[in-house]
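Structural features, examined
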Amino acid sequence: MPELYRELIKLSDSDMYPFHMPGHKRNLESTPMKGAFRCDITEIDGYDNLHDEEGIILEAEERANRLYGAEKTYFLVNGSSCGVLSAVSAAITEGGRILAARGSHKSFYHAAYLRRLDISYLPYKQDVRYGIPDSYTAEDVRRALGESMSASTEAKPDSKQGGNIDFGDISCENAGISKSSGIQAVFITSPTYEGKCSDVAGIAKVCHEYGIPLIVDAAHGAHFGLNKNKESGENGYTIPDSAVHQGADIVVHSVHKTLPSMTQTALIHVRGDLVDKELLKRFLRVYQSSSPSYVLMSSIDLCMKEIEENGEEFFSRLLYFREKIQKACEKCSILKVVGRSDIEDPAKVLIFVNKHAMTGKELYDILREEYSLQLEMSGNYYALAIISGWDKEAGIDRLIEAIKDIDARLIAKEPGTNVSGKEDSGDSGNVDGRCTTVSLPKVAEPLYKAWDAVKEKVVLEKASGRISGDFVNLYPPGIPLLAPGEIVSEEMIRELKGYLSREMNLQGVEVSDDGKATLQVLRY
């Protein structure tokens, strides 16, 4: 079976002259990016078409699918964002309702806007120890589905759908509850940006009892489930199982995030009969470029080949690096590398600042400016690093030494210092001593109406009681603090001002040169 990259190189080395796009004409003198341009072509004879694949691209997608084990796998060259847009659009009818985690990527909200969806939210659970979104259990979803469904129907889930799921027997026609009666799909993110994993298998089972599909944004989990050696290391680290294996109906993976593939490359997997595969393919054509990059597609194919041939070495190195960081930093007292019991994804290294001795942004900046270590993101009191099996041991050692050095500096500076205390997140309920359910803003208008409404800017201090006209979020990860149509409260204003004072990357609030913060709200 020909490999996409090899065939592109054969074309480049051949005598075939390109009187077609792109404009660089594979002339290596046209750009410093000579390697990429060498295999950058358009849809020409013999090289298939991503939007109607039947040859070399189809074979590459089938190779990827053999690794992940879905019924169908498609290449994505517009990132996981186009996969999420397509998944939501295919699974829920226009104007329908979806049950989703608040901590969803902005592409989910874009899909809800474009399809004019009503969103019911799962409880917004946060791990209060670290200030990060928590994972979900099957019972969380069962309870939320029950509450949402009871508002629109008296029907109960069909008990015959329990137990092991046979995807061939599940369809919209034989589901326990009609899709038109309420929630049409469930959308969760697992793993989260920070590396927490939900009970996908249990949640999929609950969704199937209700006859609705589960969509999992597993953008950060493309490495899950691909390892053959399931043994864990000294500190209990292993590679979690894939959402595909656990029964999700649609799974979206960003292969570029944790695997050796170019930025913007991703995969979408589908299985079962609860999602119309032809409709999904239609939306993939809508949301992806009509000129898909062969460079990106060949990068995905080469990535799959690398995992197939050398995956065990990659995963072994990933676990070795993660174990090494954990063990080397276990005696640090102010900087804490959060362990396996709280962060299941070994690719994520969450460095938490105990006693709030500095903010996450300060830690992030110090690592970058003083140690030349560029981390992925920062939160209130943590910084997040992403590692992979292709890291270099020298780089891992530099991170370890930097953590230990900063920890020693903080101890020497002012032991017991608490910079500003815990951020007030509004009314919340303690679930189990570590998990809090955070109250969400009240909704005054549907997202799709509010985002299109006439807006005006108001000073942040005067926004209380007004209806938000745009998204407000910390980026990364981009979880909405406010969504269009939600009411701005006094508590929210205090929270936003706190983020601004800590110089965090707050999007949706404009700050002028004189320091005045403004917010977009619906005009009266």
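Heads up: the structure comes first, above all this text.
Predicted, not measured: the structure shown is a model, and the values here were computed from it.

What counts, and at which threshold
- Every chain is numbered independently, its residues counted from 1 as its sequence is written.
- Predicted model: local features are reported for residues with pLDDT of at least 70 only, side-chain atom pairs are reported and counted for 80 or more only, and whole-chain, interface and lining totals are derived from all residues.
- Where side-chain values are given, they derive from all heavy atoms of the structure, hydrogens and water being excluded.
- Any Lys or Arg side-chain nitrogen found within 4 Å of a carboxyl oxygen on Asp or Glu counts as a salt bridge.
- Put simply, DSSP H or I for four residues or longer makes a helix, DSSP E for two residues or longer makes a strand, and each gets a number counted from the N terminus.
- Using a 1.4 Å probe on the protein chains alone, a residue whose accessible area is under 20% of its type maximum counts as buried, one over 50% counts as exposed, and one in between counts as partly exposed.
- Arc definition: directions from the helix axis to the C-beta atoms.
- We call two residues contacting when some pair of their heavy atoms lies within 4.5 Å.
- Polar contact is defined as a pair of N or O atoms within 3.5 Å, subject to the rule that within protein one atom must be able to donate a hydrogen and the other to accept it, and that residues adjacent in sequence are counted only when both atoms are side-chain atoms.
- We call two strands paired when DSSP finds no fewer than two bridges between them.
- With axes taken as lines fitted to C-alpha atoms, and helix axes fitted only over the stretch in contact, angles between N-to-C directions fall between 0 and 180 degrees.
- A clockwise turn of the near helix away from the far one marks a right-handed crossing, whereas an anticlockwise turn of less than a right angle marks a left-handed crossing.
- When residue character is reported, Ala, Val, Leu, Ile, Met, Phe, Trp, Tyr, Cys and Pro are called nonpolar, Asp, Glu, Lys and Arg charged, and the others, Gly included, polar.
- Here the word oblique covers every angle except those under 35 degrees (roughly parallel), over 145 (roughly antiparallel) and from 65 to 115 (roughly perpendicular).
- Each nonpolar core is a collection of buried residues, namely Ala, Val, Leu, Ile, Met, Phe, Trp, Tyr and Cys, held together in the definition by side-chain atoms within 4.5 Å.

**Examining the pattern of salt bridges**
Summed over all chains, the structure comprises 27 salt bridges. A salt bridge links E486 to R102; the nearest nitrogen and oxygen atoms lie 2.7 Å apart. With E486 in the loop between β18 (480-482) and α14 (490-501) and R102 in the loop between β2 (97-100) and α5 (106-114), this residue pair connects regions lying 384 residues apart in the sequence. On the accessibility criterion, E486 (2% relative accessible area) is buried. As a salt-bridge pair, E401 and K404 come within 4.0 Å of each other at their nearest N and O atoms. Taken together, the residues span about one helical turn, with E401 and K404 both in helix α12 (residues 393-413) at a distance of three residues. Its relative accessible area of 47% is what places E401 among the partly exposed residues. Through salt bridges with shared partners, a single ionic network connects D127, R129, D134, K196, D342 and R434.

**Overview of helix α9 (residues 277-287)**
When we look at burial in α9, the residues that qualify are L280, K281, F283, L284 and Y287. Looking down the long axis of α9, one finds its buried residues gathered within 165° of arc, a one-sided arrangement. Exposed side of α9, more than 90 degrees from the buried face: E278, R282 and V286 are the residues found there. Against the buried residues of α9 lie β1 (72-76), α4 (79-91), α5 and β9 (266-270). Where α9 begins, the side chain of D276 points an oxygen toward the backbone nitrogen of E278, at a separation of 3.0 Å.

**Examining the sheet that holds β18**
By definition, the strands of a sheet pair up through backbone hydrogen bonds, in either a parallel or an antiparallel sense. The strand order across the open sheet built from three strands is β18-β17-β19, with neighbouring strands paired in antiparallel fashion. Each edge of the sheet is formed by a strand with only one pairing partner; in this case those strands are β18 and β19 (506-507). Two strands pair when backbone bridges link them, and strand β17 (residues 472-474) and β18 are joined in this way by two bridges, in the antiparallel orientation. From the neighbouring strand, V472 faces β18, where its bridge partner is L482.

**Some remarks on the sheet that holds strand β10 (residues 335-337)**
Spatially, the four strands line up as an open sheet ordered β10-β11-β13-β12, and their pairing is antiparallel. With partners counted over all chains shown, the strands left at the sheet margins are β10 and β12 (377-378), one partner each. Across three bridges, the pairing between β10 and strand β11 (residues 348-353) is antiparallel. Following the sheet pairing, K336 is matched in β11 by F352.

**Remarks on the packing of helix α3 (residues 56-68) against helix α10 (residues 294-328)**
Packing of α3 against α10 leaves a shortest axis separation of 10 Å and a crossing angle of 35°. Here α3 and α10 pass one another in a crossing that is left-handed. Residue-level contacts link I57, A60, R63, A64, L67 and Y68 of α3 to Y294, M297, D301, M304, I307 and E308 of α10. Split into classes, the residues belonging to the contact of α3 with α10 amount to nine nonpolar, no polar and three charged.

**A word on unusual backbone geometry**
Cis rather than trans, the peptide bond between S190 and P191 has omega equal to 5°. With respect to the helices and strands, P191 occurs in the loop between β6 (183-189) and α7 (200-209). The residue K355 is not glycine, and still its phi comes out positive at about 60°. Along the chain, K355 falls in the loop between β11 and α11 (360-371). A relative accessible area of 48% means that K355 is categorised as partly exposed. Backbone geometry at H356 places phi at a positive 50°, although glycine is not the residue there. Mapped onto the secondary structure, H356 falls in the loop between β11 and α11.

**Examining the environment of K516**
You can see K516 is positioned in the loop between β20 (509-511) and β21 (517-522). K516 sits 56 residues away from L460 along the chain, and the two C-alpha atoms are 8.2 Å apart.

**Quick notes on the pairing of β9**
For β9, the tally of buried residues reaches five of five residues, placing the bulk of the element in the interior. Residues A266, I268 and V270 line one face of β9 and the alternating positions L267 and H269 line the opposite face, and both faces are buried. The pairing of β1 with β9 spans five bridges and is antiparallel. Among the inter-strand pairings, Y74 is bridged to a residue of β9, identified as I268. Where strand β8 (residues 250-253) and β9 come together, four bridges link them in antiparallel fashion. Pairing of I250 across the sheet is with V270, part of β9.

**Examining the packing of α4 against α9**
At a minimum axis distance of 8 Å, the contact between α4 and α9 shows a crossing angle of 140°. In terms of orientation, α4 and α9 fall into the oblique class. Regarding α4 and α9, the two cross each other, and that crossing is right-handed. Along its contact with α4, which presents C82, L85, S86, A87, S89 and A90, the element α9 presents L279, L280, F283, L284 and Y287.

**What to know about the nonpolar core**
Formed by 67 residues in total, the largest nonpolar core has its most connected members in Y68, L259, M304, I325, L363 and I406. Looking at this core, the elements with two or more residues in it are α1 (4-13), α3, α10, β10, β11, α11, β13 (382-386) and α12. For this core, the leading source of residues is α10, giving 14 residues. Discounting residues that sit within four places of it in the chain, M304 has contacts with A64, L67, Y68, V255, L259 and L267. The next biggest cluster of nonpolar side chains, apart from the first, holds 34 residues, and it includes Y109, V252, V270 and V275.

**Some details on the side chain of S80**
Topologically, S80 is positioned in helix α4. For S80, the side chain forms a polar contact with the side chain of S254, separated by 2.5 Å. Sequence-distant contacts of S80, defined by excluding residues within four places in its chain, comprise A219, V252, H253, S254 and A266.

**What to know about the pairing of β21**
In terms of burial, β21 is largely enclosed, as five of its six residues are buried. Pairing of strand β16 (residues 455-459) with β21, which is carried by five bridges, proceeds in the antiparallel orientation. Paired with V458 across the strands is L519, a residue of β21. In this sheet, β21 lies alongside β20 in antiparallel orientation, the contact comprising three bridges. Residue pairing across strands places E510 opposite T518, the latter belonging to β21. Hairpin connection of β20 to β21: five residues between the antiparallel strands, including G515 at a positive phi of 85°.

By themselves these figures say nothing about function.
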